[in-house]
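The primary structure of each chain is shown beneath.
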Amino acid sequence: MSTAAFQTRLMSLQANMLNFAYMLTSNRDDAYDLLQDTTLKALDNQDKFAEGTNFKGWVFTIMRNIFINNYRRGVRSATVVDTTDNLYLLNLGESAAVESPEESYGAAEITKAINEFSDDYRIPFSMHVAGYKYNEIAEKMDLPLGTVKSRIFFARKRLQERFSDYR
């Protein structure tokens, strides 16, 4: 395919590409950036396009791959790596300070609310919070898996309703 024909086909897809980019990013500015990156990458790799291949699919695959790579790069750059000798930063909690009175009051209040549940809801919920998997809870309590999931869901829902003003 000639360079002019390639560019014409690529430019005719710009509106579709922008819609797809917006669907991926959910942000107008990021969508325009992704559209521009995809267009440049497609033009740079024109020689790799094989005649008879679905052109639109080829371009959209480039866009999707660029989006995924950018997302992964963002996640990697947000990861904190502790290089101190004694791993001091890893041992700090989210708030390196001592618990504030508001936080301890909230924890005590939540614990009190959980303890007010009937055993049918309190036990599976507490086990789930402690790290048990749904199937382990079902096995220990001799209940169907769906029942355990429902009880944990309803316990969470009750807590969310009770503490909705804490958000």
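Up top is the structure.
Keep in mind the model is a prediction, meaning the values are calculated, not measured.

Please give an account of the packing of helix H2 (residues 14-25) against helix H3 (residues 28-44) that cites residues and values.
Running from N to C, H2 and H3 point in directions that differ by 130°, and their axes come no closer than 8 Å. If you check the angle between H2 and H3, you find them oblique. You can see that H2 and H3 cross each other, and the crossing is right-handed. Between H2 and H3, the contacting residues are Gln14, Met17, Leu18, Ala21, Tyr22, Leu24 and Thr25 on the first element and Arg28, Asp30, Ala31, Tyr32, Leu34, Leu35, Thr38 and Thr39 on the second. For the contact of H2 with H3, a count of residues per class yields nine nonpolar, four polar and two charged.

Break down the pattern of salt bridges for me, citing the residues and quoting the values.
Following the criterion strictly, the structure yields three salt bridges and no others. Note that Arg162 is salt-bridged to Glu116, the shortest N-O span being 2.8 Å. Remark: Glu116 occurs in the loop between helix H6 (101-115) and helix H7 (119-129) and Arg162 occurs in helix H9 (residues 145-162); sequence separation between them is 46 residues. Of the residues examined, Arg162 reaches a relative accessible area of 36% and is grouped as partly exposed. With relative accessibility at 49%, the residue Glu116 sits in the partly exposed group. In this structure, Arg122 and Asp119 form a salt bridge, with 2.2 Å as the shortest nitrogen-oxygen distance. With Arg122 and Asp119 both in helix H7, this residue pair falls three residues apart, about one helical turn. Using a relative accessible area of 24% as the deciding quantity, one classes Arg122 as partly exposed. Here the residues in one salt-bridge network are Glu109, Glu116 and Arg162, joined through shared partners.

Kindly report on the packing of H2 against helix H4 (residues 55-78), identifying the contributing residues and their values.
It is at 11 Å that the axes of H2 and H4 come closest, and there the two elements cross at 30°. The angle between H2 and H4 places the two elements in the roughly parallel class. H2 and H4 meet at a crossing whose hand is right-handed. Contacts between H2 and H4 involve Asn16, Met17, Phe20, Ala21, Leu24 and Thr25 on the former and, on the latter, Lys56, Val59, Phe60, Met63, Arg64 and Phe67. Taken together, the residues of the contact of H2 with H4 sort by class into eight nonpolar, two polar and two charged.

So, the side chain of Thr38: which residues are in play, and what are the values?
Here Thr38 is to be found in helix H3. A distance of 2.7 Å separates a polar side-chain atom of Thr38 from the backbone oxygen of Leu34. With residues near it in sequence (within four places) discarded, Thr38 still touches Met17, Val59, Ile62, Met63 and Ile66.

Summarise the environment of Thr111; cite the residues concerned and give the values.
Assignment of secondary structure puts Thr111 in helix H6. Classification of Thr111 by relative accessible area gives partly exposed; the value is 42%. Distance in space between the C-alpha atoms of Thr111 and Ser126 is 9.9 Å, their sequence separation being 15 residues.

The rules behind the values
- Residues numbered from 1 in each chain as written.
- Predicted model: local features only at pLDDT ≥ 70, side-chain atom pairs only at ≥ 80, totals over all residues.
- Heavy atoms only, no water.
- Axes fitted to C-alpha atoms, helices over the stretch in contact; angles between N-to-C directions.
- Helix = DSSP H or I, 4+ residues; strand = E, 2+ residues; numbered from the N terminus.
- Parallel < 35°, antiparallel > 145°, perpendicular 65-115°, else oblique.
- Left-handed = near helix turned anticlockwise from the far one by under 90°.
- Contact = heavy atoms within 4.5 Å.
- Nonpolar A, V, L, I, M, F, W, Y, C, P; charged D, E, K, R; others polar.
- Salt bridge = Lys/Arg side-chain N within 4 Å of Asp/Glu carboxyl O.
- Buried < 20%, exposed > 50% of the residue type's maximum accessible area, 1.4 Å probe, protein only.
- Polar contact = N/O pair within 3.5 Å; in protein donor to acceptor, adjacent residues only side chain to side chain.

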